[in-house]
Amino acid sequence: MSHRVLSVFLFLSGAAALVLEVAWFRRLAQVAGATSVALAAILAAVIGGMAAGALLFGRRADRTRRPLRLYATLELGVTFAALASPWAFDRVGPLFTALHRAIGHLPALHLAAGFVVASLLLAPATLLLGGSLPAAAAALAAPPEVRGRRLGVLYGVNTLGAVAGTCLAGFVLLPALGLAGTMRAAAALA
């Protein structure tokens, strides 16, 4: 696939990922508590899931004959995960409440339990998000002498999309659409 087309896809993917991440943080802060320690645990779950997804799907992308199909499948999975996010958060809210009642007096254990629950909740989407850039990179059709430079540009474009997604989520989507609507908007971007 051409470098320019992949750039557009990766910009949108980066934007969708950060729109989701901002919405997830807001929603998890509602159900898990908005302490800085809880938010740090949530961030670790997101970053860890994305790193695991890059490792898992990066290896697969390098071995597949159709990396573009893998990329499209991963992005479709992100779309479904984004659409399911509001439902999933509604279902896990009572679990966080029960954890707080049972072990809230033990801060370290409460934090660890919250991290595990957040990690499991976000794992499907974060694994898929983490695999999208390696799959797109494997689909890049470029001569060897410019491949590295073009991969760097793709990474930069994905990062710019992430910055745009953060601004879009915080300043436009959340105030206009609320949390569930913002997650659906991320699904449309993915």
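Just so we're clear, the structure is a prediction, and the values are computed from it rather than from any experiment.

Chemist: Help me get a handle on the environment of L168, residues and values and all.
Modeler: Structurally, the position occupied by L168 is in helix α5 (residues 144–189). Separated by 92 residues in sequence, L168 and L76 place their C-alpha atoms 21 Å apart. Not counting residues up to four positions away in its chain, the partners in contact with L168 are V19, L173 and L189.

Chemist: Please set out the side chain of S7 residue by residue, giving values where relevant.
Modeler: Structurally, S7 is set in helix α1 (residues 3–32). For S7, a relative accessible area of 13% corresponds to the buried category. Look past the residues within four positions of S7 in its chain and what remains in contact with it is L154 and V157.

Chemist: Any details on a nonpolar patch on the surface? Residues and values, ideally.
Modeler: On the surface, a nonpolar cluster with roughly 480 Å² of combined accessible area is contributed by V5, V8, F9, F11, L12 and L160. With five residues, the single largest contributor to the nonpolar patch is α1. Position of V8 among the secondary structure elements: in helix α1.

Chemist: Could you give an account of the layout of surface pockets, with specific residues and numbers?
Modeler: As a volume, the largest pocket reaches approximately 350 Å³. Residue lining of the largest pocket: 16 residues in total, with M50, L129, L133, Y155 and N158 positioned closest to the centre. Secondary-structure elements contributing two or more residues to the lining of the largest pocket are α1, α2 (36–63), α4 (107–139) and α5. For the lining of the largest pocket, the residue count by class is nine nonpolar, six polar and one charged.

Chemist: I'd love a proper account of the environment of T159, names of residues and values included.
Modeler: As for its position among the elements, T159 is in helix α5. Distance from T159 to F11, taken between C-alpha atoms, is 7.4 Å for residues 148 residues apart in sequence. Separated by 2.9 Å, the side chain of T159 and the backbone oxygen of Y155 make a polar contact.

Chemist: Any chance you could break down the confidence of the model for the protein for me, citing the residues and the numbers?
Modeler: Residue-level pLDDT values for the protein average 90, and 97% of them are 70 or greater. Within the protein, α5 carries the highest mean pLDDT (94), whereas α2 carries the lowest (87).

Chemist: Got a sec to walk through the packing of aromatic side chains? Specific residues and values, please.
Modeler: Per the counting criterion, the structure on display carries one aromatic pair. Relative to Y71, the ring of F9 has its centre 6.4 Å away and its plane inclined at 35°; by these criteria the two rings are tilted. Here F9, found in helix α1, pairs with Y71, found in helix α3 (residues 67–103); they are 62 residues apart in sequence, far enough to count as distant. With a relative accessible area of 36%, F9 lands in the partly exposed category. Using a relative accessible area of 6% as the deciding quantity, one classes Y71 as buried.

Criteria and cut-off values
Residue positions within a chain follow its written sequence, with the count starting from 1. The predicted origin of the model limits local features to residues at a pLDDT of at least 70 and limits the giving and counting of side-chain atom pairs to 80 or more, whereas totals for whole chains, interfaces and linings rest on all residues. The side-chain figures draw on all heavy atoms in the structure; neither hydrogens nor water molecules are used. Secondary structure is summarised from DSSP: a helix means a run of H or I of at least four residues, a strand means a run of E of at least two, and numbering begins at the N terminus for each. In this description, contact between two residues means that some pair of their heavy atoms is separated by no more than 4.5 Å. Throughout, exposure labels follow a simple rule: accessible area from a 1.4 Å probe, protein chains only, divided by the maximum for the residue type, with under 20% read as buried, over 50% as exposed, and the rest as partly exposed. Each patch is built from residues that are more than 30% exposed by relative accessible area and take part in no salt bridge. Like charges join if they lie within 9 Å; nonpolar side chains (Val, Leu, Ile, Met, Phe, Trp, Tyr) join within 5 Å. Accessibility throughout is a Shrake-Rupley quantity obtained with a 1.4 Å probe, and a residue counts as covered only by protein chains that appear here. The rule for a salt bridge is simple: a side-chain nitrogen of Lys or Arg has to be within 4 Å of a carboxyl oxygen of Asp or Glu. Only protein atoms enter the calculation, which uses a 1 Å grid: trapped sets of points that fit a 1.4 Å probe without letting it out are cavities, open sets showing protein on both sides within 12 Å along at least five of seven lines are pockets, and any residue with an atom within 4 Å of a point is a lining residue. Grid points are joined across faces, edges and corners, and a volume is the space filled by probe spheres set on the points. Gly counts as polar in this scheme, as do all residues outside two lists: the nonpolar Ala, Val, Leu, Ile, Met, Phe, Trp, Tyr, Cys and Pro, and the charged Asp, Glu, Lys and Arg. Whenever two N or O atoms come within 3.5 Å, that pair is a polar contact, provided that in protein one can donate a hydrogen and the other can accept it, and provided that, for residues adjacent in sequence, both atoms are side-chain atoms. pLDDT measures the predictor's confidence residue by residue and takes values from 0 up to 100. To pair, rings of Phe, Tyr and Trp, with the six-membered ring standing in for Trp, must have centres within 6.5 Å; the planes then decide the type, stacked if under 30 degrees apart, edge-to-face if over 60, and tilted in the middle.

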